[in-house]
Amino acid sequence: MKAKVRLFARLSELAGTREAEVELGEGLTAGEVYQALCGRYTALSGLKGSIRYAVNGEYAEPGHPVAGGDEVALIPPVSGGADAV
Amino acid sequence: MLFEITSAALDPQRLIDHVRKDESGAVALFSGVVRNENLGRRVLYLEYDAYPEMAERVMREIAEEAMGRWPITDVAMQHRTGRLKIGETSLVVAVSAPHRKEAFEACHALVDRFKEVVPVWKKEVWEGGEEWIEGEAVRHE
């Protein structure tokens, strides 16, 4: 049972990839998917406080359960538009 | 309603035409344009990244919130991705309403809300460096 993970902006540069797969084992939460990814891409470590999660394109709490086939996104603080945020 | 993340140049007139209805006496339009300076640094260009499928969904959600709060007739939003030069348009928000007050207010609120929740990010590139600009972090307990 695997989930697809998508990374954006600074997180994708730190990891060196925009997509990854995580083995869910007995089941993981969105926050645990991030922790699993930190083991593989150590540059992602220590950012827990600033990351939001999305599961299947909707914002989700870190404790949100992830099912096989779900798409989990790691969302750094957003900064769209042109002027200072 | 129209919500789009695109790498193509934005066309504000297209959004104006899209939201204008026969009952609309006002169309408010906001364009976010790349500026040549930030925090005293001379900006060369901006690079935008987005999670397009989610961004389009979240844009629809905030537009529906605005439609519930103000008597407006339609909303359209577009954000561009990729490398944008100084003077190019990164964001366009158009709102139509019977009267100007609601059009201005809803357009202003939608731009603010966009910058809080829509998954789009910008990297600023200046002479001698670059940085992903990050908005307010949402703290988890």
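Before going into details, it helps to say that this report is about the structure given with it. The model shown is predicted, which means the values in this text are computed figures rather than measured ones.

Parameters at a glance
Residues numbered from 1 in each chain as written. Chains lettered and ligands numbered in written order. Predicted model: local features only at pLDDT ≥ 70, side-chain atom pairs only at ≥ 80, totals over all residues. Heavy atoms only, no water. Helix = DSSP H or I, 4+ residues; strand = E, 2+ residues; numbered from the N terminus. Contact = heavy atoms within 4.5 Å. Core = buried A, V, L, I, M, F, W, Y, C linked by side-chain atoms within 4.5 Å. Buried < 20%, exposed > 50% of the residue type's maximum accessible area, 1.4 Å probe, protein only. Axes fitted to C-alpha atoms, helices over the stretch in contact; angles between N-to-C directions. Left-handed = near helix turned anticlockwise from the far one by under 90°. Nonpolar A, V, L, I, M, F, W, Y, C, P; charged D, E, K, R; others polar. Buried area = accessible area lost by both parts, 1.4 Å probe. Salt bridge = Lys/Arg side-chain N within 4 Å of Asp/Glu carboxyl O. Polar contact = N/O pair within 3.5 Å; in protein donor to acceptor, adjacent residues only side chain to side chain. Arc of directions from axis to C-beta. Pairing = 2+ DSSP bridges.

## Things to note about the overall build of chain B
Moving on, step 1. When helices and strands are counted, chain B shows 3 helices and 9 strands.
Moving on, step 2. Overall, chain B shows an N-to-C arrangement of helices and strands of β-α-β-β-β-α-β-β-β-α-β-β.
Moving on, step 3. Overall size of chain B, expressed as C-alpha extent along the three principal axes, is 50 × 40 × 25 Å.
Moving on, step 4. Pairs at least 24 residues apart make up 75% of the contacts formed inside chain B by residues separated by at least 6 positions.

## As for the environment of Gly81(A)
Moving on, step 1. As for its placement among the helices and strands, Gly81(A) is situated in the segment after strand E7 (71-75).
Moving on, step 2. Those residues in contact with Gly81(A) that lie beyond four places of it in its chain are Tyr48(B), His79(B), Ser90(B), Leu91(B), Lys115(B) and Lys122(B).

## Notes on the nonpolar core
Moving on, step 1. By size, the foremost hydrophobic cluster in this structure holds 44 residues, and its most contacted members are Met77(B) and Val118(B).
Moving on, step 2. Beyond its immediate chain neighbours, meaning those up to four positions away, Val118(B) contacts Val78(A), Ala55(B), Val58(B), Met59(B), Ile62(B) and Arg113(B).
Moving on, step 3. In this structure, Ala3(A), Cys38(A), Leu47(A) and Val72(A) belong to the second largest nonpolar core, which totals 24 residues.

## As for the packing of helix H2 (residues 52-69) of chain B against helix H3 (residues 100-117) of chain B
Residue and element names in this part refer to chain B.
Moving on, step 1. In contact at an axis separation of 10 Å, H2 and H3 are set at 145° when each is read in the N-to-C sense. For H2 against H3, the interelement crossing comes out right-handed. Residues Val-58, Met-59, Ile-62, Ala-63, Glu-65 and Ala-66 of H2 form the contact with H3, whose own contacting residues are Leu-110, Arg-113, Phe-114 and Val-117.
Moving on, step 2. The class makeup of the residues in the contact of H2 with H3 is 8 nonpolar, no polar and 2 charged.

## Details of the interface of chain B and chain A
Moving on, step 1. Tallying the contact residues gives 39 residues for chain B and 33 residues for chain A.
Moving on, step 2. Buried surface at the junction of chain B and chain A, summed over both partners, amounts to about 2900 Å²; 51% is from carbon and sulfur atoms.
Moving on, step 3. Summed over the shared surface of chain B and chain A, the number is 5 salt bridges.
Moving on, step 4. At the junction of chain B with chain A, the criterion picks out 21 residue pairs in polar contact (both at pLDDT 80 or more).
Moving on, step 5. Elements with a contribution of two residues or more to the side of chain B that touches chain A: strand E2 (26-33), strand E4 (41-50), H2, strand E7 (89-97), H3, strand E8 (120-126) and strand E9 (129-133) of chain B.

## Considering helix H2 (residues 30-40) of chain A
Residue and element names in this part refer to chain A.
Moving on, step 1. For H2, the set of buried residues is Ala-30, Gly-31, Val-33, Tyr-34, Leu-37 and Cys-38. Projected down its long axis, H2 shows its buried positions confined to an angular sector of 155°, all on one face.
Moving on, step 2. Elements that come into contact with the buried residues of H2 comprise strand E1 (2-7), strand E2 (19-23), strand E3 (28-29), strand E4 (52-55), strand E6 (65-66) and E7.

## Section: the pairing of E9(B)
For a regular strand, side chains alternate in direction, first toward one face of the sheet and then toward the other.
All names here are of chain B.
Moving on, step 1. Pairing analysis gives 5 bridges linking E8 to E9, with the strands arranged antiparallel. Paired with Glu-124 across the two strands is Glu-131, which belongs to E9.
Moving on, step 2. From the end of E8 to the start of E9, which pair antiparallel, there are 2 residues, and Gly-128 there has a positive phi angle of about 95°.

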